[in-house]
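The lines below spell out each chain.
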Amino acid sequence: GFFQSHAVEVDIKDASNATCLYANWMMRFLITYESNTSDYKTATLNLTSDVTHHGSVCGNDTQAALVAVQFGEGHSWSVNFTKNNETYQGDLVIFTYNTNDTAVFPDAKRKGPVSVVVKDTTRPVQLNNVYVCHSADFIEAENVTQIFWNVTVQPFVQNGTVSKRESRCRADTPTSAPTVLPTTANVTTVSTTTLSPAPTTPPKPVENPDTGNYSLKSGNKTCLLATVGLQLNISQDKPLLININPKTTIADGACGNTTATLRLNDGNSTLISF
């Protein structure tokens, strides 16, 4: 149930009714907020079915393109794109959540809209290429984790047609060993003598994860301690085991009077929240 959310599709037309900006993606938000009892809770905000895209603009050589969406009880999200002669790139991501939404924040101490502004770190994309990223991507800032997946976007669309040329994100690109072509140096000649079949090498077992020591502070005092080795077992097309590496894992979160949240984010953008 981690990725249950509504998809968003934005198709902006220019004055001649031709598509000038297209985007289709899924996203959700994890928001840590202070409750009326002064403890901290983490709320999950998903996209609703009533998404609008007021304020989205095509952009041109002198004006940035803008994807802006509004959803739920006063929540909104936007990203603008700038271009040069050969590429386009995301600039600023602005997310505003409204703690007056009692369905998501039933006991929020602070009431009203809260905005988070972060820099988009996506690499530049060649003009007239559509950017595609099926893998999950994360942006973390100011007690908010933004999660995106199944992203397809192209600003500055040419001739009203979304390009068939894709620029994939790094996470979608599989890594494989280089192909070694046969040469006289690495080709082995086998005699016609009948050979016994080679013994089957059993698969190498996955090593146990290293134990990490994670802690949170409230002021000058440590309020949460965790000493744990973590391994994720992900069942998709085929089983995948991932060990969380304590040397590259960053711990953050918050401690309250009755609840505490520990978030672990490793160098591969694996996010776990306790």
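The shown structure was predicted, so the numbers you read here are calculated from the model rather than taken from an experiment. (Residues numbered from 1 in each chain as written. Predicted model: local features only at pLDDT ≥ 70, side-chain atom pairs only at ≥ 80, totals over all residues. Heavy atoms only, no water.)

**Overview of the overall build of the protein chain**
(1) Moving on: What the protein chain contains, in helices and strands, is zero helices and 19 strands.
(2) Moving on: Counting across all 274 residues of the protein chain, residues that qualify as buried make up 36%.
(3) Moving on: Pairs at least 24 residues apart make up 52% of the contacts formed inside the protein chain by residues separated by at least 6 positions.
(4) Moving on: Working note: accessible area of the protein chain is about 16800 Å², and carbon and sulfur atoms make up 50% of it. (Helix = DSSP H or I, 4+ residues; strand = E, 2+ residues; numbered from the N terminus. Buried < 20%, exposed > 50% of the residue type's maximum accessible area, 1.4 Å probe, protein only. Contact = heavy atoms within 4.5 Å. Areas by Shrake-Rupley, 256 points an atom, 1.4 Å probe, with all protein chains shown as cover.)

**So, the environment of valine 132**
(1) Moving on: Residue placement: valine 132 occurs in strand 9 (residues 130-133).
(2) Moving on: In this structure valine 132 comes out as buried when scored by relative accessible area, which is 4%.
(3) Moving on: Sequence separation between valine 132 and threonine 152 is 20 residues, and the spatial gap between their C-alpha atoms is 4.6 Å.
(4) Moving on: Non-local contacts of valine 132, meaning those with residues more than four positions away in its chain, are made with Val151, Thr152, Glu166, Ser167, Arg168, Cys169 and Asp172.

**Quick notes on the sheet that holds strand 19 (residues 271-273)**
(1) Moving on: Strand order in this open sheet of three strands is 17-18-19, and the pairing throughout is antiparallel. Looking at the sheet topology across the chains shown, the edges are occupied by strand 17 (250-255) and strand 19. Put simply, the sheet's adjacent strands are angled 15° from each other on average, direction ignored.
(2) Moving on: Pairing between strand 17 and strand 18 (residues 260-265): six bridges, direction antiparallel. For aspartate 252, the partnering residue across the bridge sits in strand 18 and is arginine 263. (Pairing = 2+ DSSP bridges. Axes fitted to C-alpha atoms, helices over the stretch in contact; angles between N-to-C directions.)

**Details of the nonpolar core**
Burial of nonpolar side chains together is a common tendency in soluble globular proteins.
(1) Moving on: In terms of nonpolar packing, the biggest core is built from 43 residues, with Trp25, Trp77, Phe95 and Tyr97 touching the most fellow members.
(2) Moving on: A per-element tally of this core places strand 2 (residues 19-34) first, with eight residues.
(3) Moving on: Apart from residues lying up to four places away in sequence, phenylalanine 95 is in contact with Phe29, Ile31, Leu45, Phe71, Ser76, Trp77, Val114, Ser115, Val116, Val144 and Gln146.
(4) Moving on: Ranked by size, the runner-up nonpolar core spans 10 residues in total, among them Leu216, Leu230, Cys255 and Leu262. (Core = buried A, V, L, I, M, F, W, Y, C linked by side-chain atoms within 4.5 Å.)

**Examining the confidence of the model for the protein chain**
(1) Moving on: For the protein chain, per-residue confidence averages 83 on the pLDDT scale, and residues scoring 70 or more make up 83% of the total.
(2) Moving on: Mean pLDDT per element in the protein chain: strand 15 (residues 231-235) is the minimum at 79, and strand 5 (residues 75-83) is the maximum at 95. (pLDDT = per-residue confidence, 0-100.)

**Considering the pattern of salt bridges**
(1) Moving on: With the rule as written, the count across this model stands at eight salt bridges.
(2) Moving on: Lysine 41 is paired through a salt bridge with aspartate 107; the nearest N and O atoms lie 2.5 Å apart. Placement of the pair is lysine 41 in strand 3 (residues 40-46) and aspartate 107 in the loop between strand 6 (87-98) and strand 7 (113-119), with a sequence separation of 66 residues.
(3) Moving on: Classification of aspartate 107 by relative accessible area gives buried; the value is 17%. (Salt bridge = Lys/Arg side-chain N within 4 Å of Asp/Glu carboxyl O.)

**A word on the side chain of asparagine 98**
(1) Moving on: For asparagine 98, the location among the structural elements is in strand 6.
(2) Moving on: Looking at asparagine 98, its side chain comes within polar contact range of the main-chain nitrogen of asparagine 100, at 3.1 Å.
(3) Moving on: Sequence-distant contacts of asparagine 98, defined by excluding residues within four places in its chain, comprise Glu73, Gly74, His75, Phe105, Gly112 and Pro113. (Polar contact = N/O pair within 3.5 Å; in protein donor to acceptor, adjacent residues only side chain to side chain.)

**Re unusual backbone geometry**
(1) Moving on: Phi at asparagine 143 takes a positive value of approximately 65°, unusual for a residue other than glycine.
(2) Moving on: Relative accessible area serves as the criterion here: at 39%, asparagine 143 is assigned to the partly exposed category.
(3) Moving on: Backbone geometry places asparagine 150, a non-glycine residue, at a positive phi of 50°.
(4) Moving on: Here asparagine 150 lies in strand 11 (residues 144-154).

**A look at the state of the cysteines**
(1) Moving on: Evaluation of the coordinates by the stated rule reveals three disulfides.
(2) Moving on: The disulfide partner of cysteine 223 is cysteine 255, and the S-S distance across this bridge is 1.9 Å. Taking the sign of the torsion about the S-S bond as the criterion, the disulfide between cysteine 223 and cysteine 255, at about 75°, is right-handed. Here cysteine 223, found in strand 14 (residues 221-229), pairs with cysteine 255, found in strand 17; they are 32 residues apart in sequence, far enough to count as distant.
(3) Moving on: For cysteine 223, a relative accessible area of 34% translates into the label partly exposed.
(4) Moving on: The class for cysteine 255 is buried, based on a relative accessible area of 18%.
(5) Moving on: Listing the disulfide partners of the protein chain by sequence rank of the bonded cysteines yields 1-2, 3-4, 5-6. (Disulfide = S-S within 2.5 Å.)

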